[in-house]
Amino acid sequence: GDHRDLHLSIRRQRQMCIRDSRDTTIPSVVDAARTSIAAGADGLTVHPRPDMRHIRPSDVYDLAELLARDEYKHIEFNIEGNPYAEREGDFPGFMSLIEGTRPHQCTLVPDTPEQLTSDHGWDLTTESNRLRPIIDQCHCANVRVSLFMDPNEDQITRAADLEADRIEFYTGPYAEAWVTSMEKTKSHLAAFKSASQHAEAAGLAINAGHDLNRENLAQFCRTLGNVAEVSIGHAIIADALWYGLAPTVSAYRQILDSVAGEE
């Protein structure tokens, strides 16, 4: 392929506590979205949680409204999170947000309120029956479904059996190995490569995300060769503190374009 989608994970705007420290609308999530799209982002990812520490429900609706405009209809909206998260206070429930906004993609993630961030993929040995009607509900709303997964071929087969459209590899272990051990990095890459081939053969497209950054992104995408989309939040916002948001998004866009150009 000659292109790979870059999703800016807007959730990190809130995690930095810049806006919430004053309970205000500054900096604007919508303005950040516009800036990122202009700099080369193909889509926006948000991760709404009941405690709203990543993104507010109002932000989800505002971004959906933004991307419904003619000038942004080529930009994808991806809502990720725990599909079991129910209504709580001002949080309307995860599936209510999906039904209310009809994003292009819903990435189902097995995180819990106690987790600081997502740190493992689904165990479909125990969760398939519970997830099946949720996946059907998304498909009925014309929403593509991606399941957050580890590079386990048996689990990936189960994802295909559930008729998910894509999987998103949890890349945290690879990113951690990148800074600690070249041997472990190679081992992780081999596992992801094998799992990605298995997924592709099963009819699943490949997304990836978690702790990918300017240093480790190219090698991951180059090794797999079939990554359709990456969602990057923490690293982009961290880099943006030093280089600015637009130049940072542009730099990630250039990395992905460069790798795609090698294929």
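Preceding this paragraph is the structure being described.
Only a predicted model underlies this, so the values are computations on that prediction, with no experimental measurement involved.

## Concerning helix 10 (residues 234–243)
Taken together, the buried positions of helix 10 are occupied by A235, I236, I237, D239 and A240. Backbone geometry just after helix 10 places G244 at a positive phi near 95 degrees.

## Looking at the pattern of salt bridges
Throughout the structure, instances matching the rule amount to 12 salt bridges. Taking the shortest distance from any N to any O, the salt bridge between R144 and E229 comes out at 3.8 Å. Here R144, found in strand 5 (residues 144–149), pairs with E229, found in strand 8 (residues 227–232); they are 85 residues apart in sequence, far enough to count as distant. We note that R144, like E229, is buried. Residues participating in the shared-partner salt-bridge network are E76, R144, R166 and E229.

## Brief notes about a nonpolar patch on the surface
On the surface, a nonpolar cluster with roughly 440 Å² of combined accessible area is contributed by L241, W242 and Y243. Looking at the element boundaries, Y243 is found in helix 10.

## So, the packing of helix 2 (residues 29–38) against helix 11 (residues 245–262)
One way to put it is that helix 2 packs onto helix 11 with a least axis distance of 8 Å and a crossing angle of 45 degrees. Judged by the inter-axis angle, helix 2 sits oblique to helix 11. The interaxial crossing formed by helix 2 with helix 11 has right-handed handedness. In this structure, helix 2 uses A32, T35 and S36 to contact helix 11, whose residues at the interface are L245, A246 and V249. For the contact of helix 2 with helix 11, the residue count by class is four nonpolar, two polar and no charged.

Thresholds applied
- Positions within a chain are numbered from 1, following the residues in the order the chain's sequence is written.
- Local features in a predicted model are, by the rule used here, given only for residues with pLDDT of at least 70; side-chain atom pairs are given and counted only at 80 or more, and totals for whole chains, interfaces and linings are based on all residues.
- Heavy atoms from the whole structure form the basis of all side-chain values; hydrogens and water molecules are not counted.
- Classification of residues uses two cut-offs on accessible area relative to the type maximum, computed with a 1.4 Å probe and protein chains only: under 20% is buried, over 50% is exposed, and between them is partly exposed.
- Numbered from the N terminus, helices here are DSSP runs of H or I no shorter than four residues, and strands are runs of E no shorter than two.
- The term salt bridge refers to a side-chain nitrogen of Lys or Arg lying within 4 Å of a carboxyl oxygen of Asp or Glu.
- Candidate patch residues must exceed 30% relative accessible area and have no salt bridge, after which like charges are joined if within 9 Å and Val, Leu, Ile, Met, Phe, Trp or Tyr side chains if within 5 Å.
- To be clear on the numbers: accessible area is Shrake-Rupley with a 1.4 Å probe, and residue cover counts the displayed protein chains and nothing else.
- Each axis is a line fitted through C-alpha atoms, taken for helices only over the stretch in contact, and angles between the N-to-C directions span 0 to 180 degrees.
- Comment on the angle field: the value is read as roughly parallel under 35 degrees, roughly antiparallel over 145, roughly perpendicular from 65 to 115, and oblique elsewhere.
- Rotating anticlockwise by less than a right angle from the far helix to the near helix defines a left-handed crossing, while the corresponding clockwise rotation defines a right-handed one.
- Any two residues whose heavy atoms approach within 4.5 Å at even a single point are treated as in contact.
- By the convention adopted, Pro, Cys, Tyr, Trp, Phe, Met, Ile, Leu, Val and Ala count as nonpolar, Lys, Arg, Asp and Glu as charged, and the other residues, Gly among them, as polar.

These figures come from the coordinates and say nothing about function on their own.
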